[in-house]
Amino acid sequence: MTNHWVDIKNANVIIVMGGNAAEAHPCGFKWVTEAKAHNKATFIVVDPRFTRSASVADLYAPLRTGTDIAFLGGVINYLLSSDKIQHDYVKAYTNAPFIVAAGYGFDDGLFSGYDAAGRKYDKASWAYEMGLDGYARVDETLQHPRCVLQLLKTHYSRYTPEMVSAICGTPKETFLKVCEAIATTSVPNRTLTFMYALGWTQHSVGSQMIRTAAMVQLLLGNMGMAGGGMNALRGHSNIQGLTDLGLLSDLLPGYLTMPREQETDYQGYIDKRALKPLRPGQMSYWQNYAKFHVSLMKAWFGDAATRENNWCYDWLPKLDKVYDVLQVFELMHQGKLNGYFCQGFNPLAAFPHKAKIGAALAKLKYLVVIDPLATETSCFWENYGDLNDVNPATIQTEVIRLPSTCFAEENGSLTNSGRWLQWHYKGAEPPGEAKPDADIIAGIFLKLRELYQKEGGVFPDPILNLTWNYRIPRSPSAQELAMEYNGRAIADLPDPKDPTKVLVQKGQQLDGFAQLRDDGTTACGCWIYSGAWTEKGNMMARRDNSDPSGLGNTLGWAFAWPANRRILYNRASCDPSGKPWDPKRRLIGWDGSKWSGVDVPDFKPDVPPGDAMDPFIMLPEGVGRLFALDKMAEGPFPEHYEPFETPIDTNLLHPKVISNPAARVFKGDLEAFGKGTAFPYAATTYRLTEHFHFWTKHTGLAAIMQPEQFVEISEELAREKGIKVGDKVKVSSPRGFIKAVAVVTRRIRPLQVGGKTVHHVGIPLHWGFTGVARRGYLANILTPFVGDANTQTPEFKSFLVNIEKIS
Amino acid sequence: MALQSLDIIRRSATTTPSPGQRKTPEVAKLIDVTKCIGCKACQVACMEWNDTRDRIGTNHGVLDNPVDLTADSWTVMRFAEVVTERGLEWLIRKDGCMHCADPGCLKACPAPGAVVQYASGIVDFHEENCIGCGYCITGCPFNIPRLSPKDSKVYKCTLCSDRVVAGVEPACAKTCPTGAIVFGTKEDMLRHAEERIGELKERGFARAGLYDPKGVGGTHVMYVLHHADKPELYSGLPKDPAIGPAVELWKGAAKPLAALGLALVGAGAFFHYVTKGPNEVSGEIEKEFDDEK
Ligand code: SF4
């Protein structure tokens, strides 16, 4: 979230799209209720299904699954053509005036630089036109034919209400009603918030769906504002913490990035990331990259990391490609992996094309599962009839289960969607032999180090030199780990304003990442978490909820990264002269000498209004990007591409380019995608309020609330297929089938798409072959093995199936 | 639920005066159906607090689960898909005991002290006095009490009388994430409802209103409805609930006889219970009841 849960109450218009907050985030949803009750907010839901969120919405718009870019592109077109944008904001705080290089183009579904054989782009032309002074050129009049605003207008002029309706199946009047509501927030004193979740991320164009909405927010002047922003609702209570700490294969902690194969030179690695400002006087905060990186390496390798050895740069793995989960299971399936450690997740259930995942696991020599539950993955070799039809005799994988504690059985912090690190205390002792994950990993590490010490090895250095100064080495405490993330001074740190004074003494905890150095005098395990455990103690455990402004920015409650800031880009809540766009939502202001207010300013605190420095300090141009340059795989402007399995087998905007041309598809998978002829129905998987993922089927109460697997279809489809309420049905895709009870509902309706009727089949995913709920089929038996071109998040939300009554 | 020391104002089949030393304010639970998202957190909280566990059932082609009230499920969410002038609406109502001011169950109950009403308005079953006859089920205009196949006693929502006596709100109200369930004095709840109805009318729900039906003297569980003119839309919430004529006759016009009848029924029940066990009782009692009329 750029904002946070409580801030939702400040919105005037709330759109839940690509998510189902009432159902999947019922507790956070209370802030929608608050906004409706106390802010008279209009609440809109856009979804293929009339969800529990829709049941309390003022306006519901149906759309075909996977067509959100068409819908939102239509919104952009509406805002631009009816002149409902916040002009001053767009001009000052977005790259609308920036001039794009002459080589850039878009034609018939493809951007300039496409390499069809490699399914990727040469992105050189997706760039600004640079001036002789080394800065990007801008046209403040916004008239230049190649300025971003003009290109944006042209690009989205194709997304007319008629086109939106034809692609999405949304009735035109309903679409226009949504547009009108959105457009009311283009004035400075009204804001819109987008709340989204996996309904946007789990598409082959998921990242671009999110970008399109972010662009809408920039055009409306809603970024950085209380009650505005782009708000990703994270699923697992600590999944935000997972990404923050760099647990994705191409990330290091704090969104630092792993070096690539060709990046053998340390300085080159740093320079590429320490982005130079693209405009005069701009900040470009990533110029501090080396400080964060060196401090990380000092935290990991201590004295072994020196300037001479480039802070152990050579010890970091260099990626030849991204090892996302699809890639890893593809390699496993090819027999190229020996062993797999699976900690806290359940790939057999959670990844697409279950048959392929199971076959891949069967090729391993060993599989280690660290989990509080007996997951399907840890039982992948057991035969459960149709549910898991394998022959244990032919599977040689050795499976080792290491039972771990669950969150309530340990101390620690969870990072919520709003980036708050909230400390919690152990509520119960773990059962049986269960151990905290940190103890399990520590045990494995200590044994490994012992082996390297005894027997040596090809490359023992990173293991032998890893810092491990925990009081009980086999059981690092949550406090020790948190203090390590926060960072401390390794030597006395002089005050930059007066070098005769010491700012932080050697050994002390740092106050925040502003104190980090690139000279090896600071160590910090995750720069964005710096400030969470300072000399003053555990900031995450703070519980002061006083809220002087009434805007819900409780700076004394827990700790929010970065720097305890609650609303990102909050400098943009004031106009260039420093006045809040809306005095009622004053987050920060200039007091004559510095920025201050009810939030921590997202800006250099002593740079006065009117200075050339612009609010988006993490970007080298200082302004929000309507044009994404080369940052996205499939283009600088989001374009509607069909899901890889599309019920219409074409793309109404450009029939020659149907699906995401830059998405990675593995050999054999492209051919195996379903076609509308054999699998005529659009399917989507989702969660229900009664369950959490594949976990709560292990608990009795949740199982009572929703005991048995079902699928949802419209009354019309049910009639066509002779299916009645409560009948057993078989749903199949090219990858397999599931059997479930049919829920026949008016909440799913047939949509008219390009002159064709498209039916949806809704597939809740909570059942499996372990647990106390009634046994069911893993929904991912059906889903295709392809992901978003940028993140590789699998396309769980849009694929094709057939459905038949079981007689 | 006989553990509390709440002030009792009425007891089933009892003629001796009820204790009334103290003053307890009348309470109410207000369920704002227009805010409810059907998350069932209240269902779970109810089972957790009351330590009941229903069986892990099956799916019946609807999202409602458990699909009906049982002796273990004292509240269930009922989901209704209706098409109104506003288009498709998904009306989700938390069903359970309404705690009528004029409780049909209590009036119908022939077992002395099995059904009581506290000064707070809460209607509670004291299962230790229950004879398993099931008359309360017939007497209830909302079809709420459920006979347990395990012990042949009747169970229903207690409005968490054991929590309320300790000054805390019912478990469902405590748990509800959207604030759709609120609890307080009946007076405060009426005021709160009025505010909410005003807001709903502003939002275009011209027929929004309160459900506090007069036919049962008003209730201590009330609903805010978007379509107060059509309560039946909400999975058959009765429009004008009233206590059945048989029960009214039994307790009203036939009052002089009733006292005698009570004694007979009570004695008969006891006799049958010890000789034949609970299951056979109800049929016999029914006959006696009919004979009385
Ligand atoms: S807890 Fe509240 S919102 Fe959830 S189902 Fe119950 S009444 Fe509705």
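In the block above lies the structure referred to throughout.
Explain the sheet that holds strand β2 (residues 42-46) of chain A here, please?
Across a sheet, paired strands are connected by hydrogen bonds in the backbone, their directions being either parallel or antiparallel. Residues and elements named next belong to chain A. Reading across from one edge, β3-β2-β1-β8-β9 is the order of the five strands in this open sheet, with parallel pairing throughout. Across the chains shown, the open sheet's two edge strands, defined by having one partner strand only, are β3 (59-61) and β9 (230-232). In this sheet, neighbouring strand axes are inclined to one another by 20° on average, regardless of whether the strands run parallel or antiparallel. As paired elements, strand β1 (residues 13-17) and β2 share five bridges and run parallel to each other. In the strand pairing of β2, Val13 is matched with Thr42. Lying over the sheet, helix α10 (residues 206-220) contacts β8 (192-196) and β9, oriented at roughly 170° with respect to β8.

For this particular structure, what's the right way to read the nonpolar core?
Side chains that are nonpolar tend, in soluble globular proteins, to be buried together. All names here are of chain A. Counting 85 residues, the largest nonpolar core has Ile15, Phe71, Leu152, Trp200 and Phe637 as the members making the most contacts within it. A total of nine residues in this core trace back to one element, the largest contributor, which is helix α4 (residues 68-81). With residues near it in sequence (within four places) discarded, Trp200 still touches Met17, Gly18, Asp68, Leu72, Phe194, Gly206, Met209, Ile210, Ala213 and Met230.

What is the right way to look at the interface of chain B and chain A in this model?
Often the size quoted for an interface is simply the accessible area lost on bringing the parts together. Each partner contributes residues to the interface: chain B has 37 residues there, and chain A has 41 residues. Summing both sides of the interface, chain B and chain A together bury roughly 3300 Å²; the carbon and sulfur share of this comes to 60%. Among the residues of chain B in contact with chain A, Ile56(B), Trp90(B) and Arg203(B) are the three that bury the most area, contributing 21% of the side total. Along the contact surface separating chain B from chain A lie four salt bridges. If you look at where chain B meets chain A, you find 14 residue pairs in polar contact (both at pLDDT 80 or more). Of all elements in the fold, only α1 (41-50), β3 (76-84), β4 (87-95) and α6 (186-202) of chain B reach the threshold of two or more residues within the side of chain B that touches chain A. Its residues assigned to classes, the side of chain B that touches chain A shows 16 nonpolar, 10 polar and 11 charged.

Please clarify how the environment of Gly768(A) should be interpreted in this entry.
All names here are of chain A. Within the element layout of this structure, Gly768 appears in the loop between β32 (760-764) and β33 (799-805). Judged by its relative accessible area of 2%, Gly768 is buried. Residues contacting Gly768, with those up to four places away along its chain left out, are Glu376, Lys697, Arg775, Gly776 and Leu778.

Which parts of the structure should I look at to understand helix α13 (residues 289-301) of chain A?
Residue pairs three or four apart in sequence face the same way in an α-helix, which turns once every 3.6 residues. Residues and elements named next belong to chain A. The terminal C-alpha atoms of α13 lie 18 Å apart, and with 13 residues this matches the ideal 18 Å at 1.5 Å per residue to within 8%. Of all 13 residues making up α13, 11 are buried, and the element is well covered by its neighbours. Tucked inside the fold, the buried residues of α13 contact β10 (251-252), β11 (256-257), α12 (266-273), α18 (461-464), α19 (478-486) and β20 (522-523). Where α13 ends, the next residue or the one after it, Gly302, has phi of about 50°, a positive value.

Basis of the calculations
Residues numbered from 1 in each chain as written. Chains lettered and ligands numbered in written order. Predicted model: local features only at pLDDT ≥ 70, side-chain atom pairs only at ≥ 80, totals over all residues. Heavy atoms only, no water. Pairing = 2+ DSSP bridges. Helix = DSSP H or I, 4+ residues; strand = E, 2+ residues; numbered from the N terminus. Axes fitted to C-alpha atoms, helices over the stretch in contact; angles between N-to-C directions. Contact = heavy atoms within 4.5 Å. Core = buried A, V, L, I, M, F, W, Y, C linked by side-chain atoms within 4.5 Å. Buried < 20%, exposed > 50% of the residue type's maximum accessible area, 1.4 Å probe, protein only. Buried area = accessible area lost by both parts, 1.4 Å probe. Salt bridge = Lys/Arg side-chain N within 4 Å of Asp/Glu carboxyl O. Polar contact = N/O pair within 3.5 Å; in protein donor to acceptor, adjacent residues only side chain to side chain. Nonpolar A, V, L, I, M, F, W, Y, C, P; charged D, E, K, R; others polar. Expected span 1.5 Å × (residues − 1).

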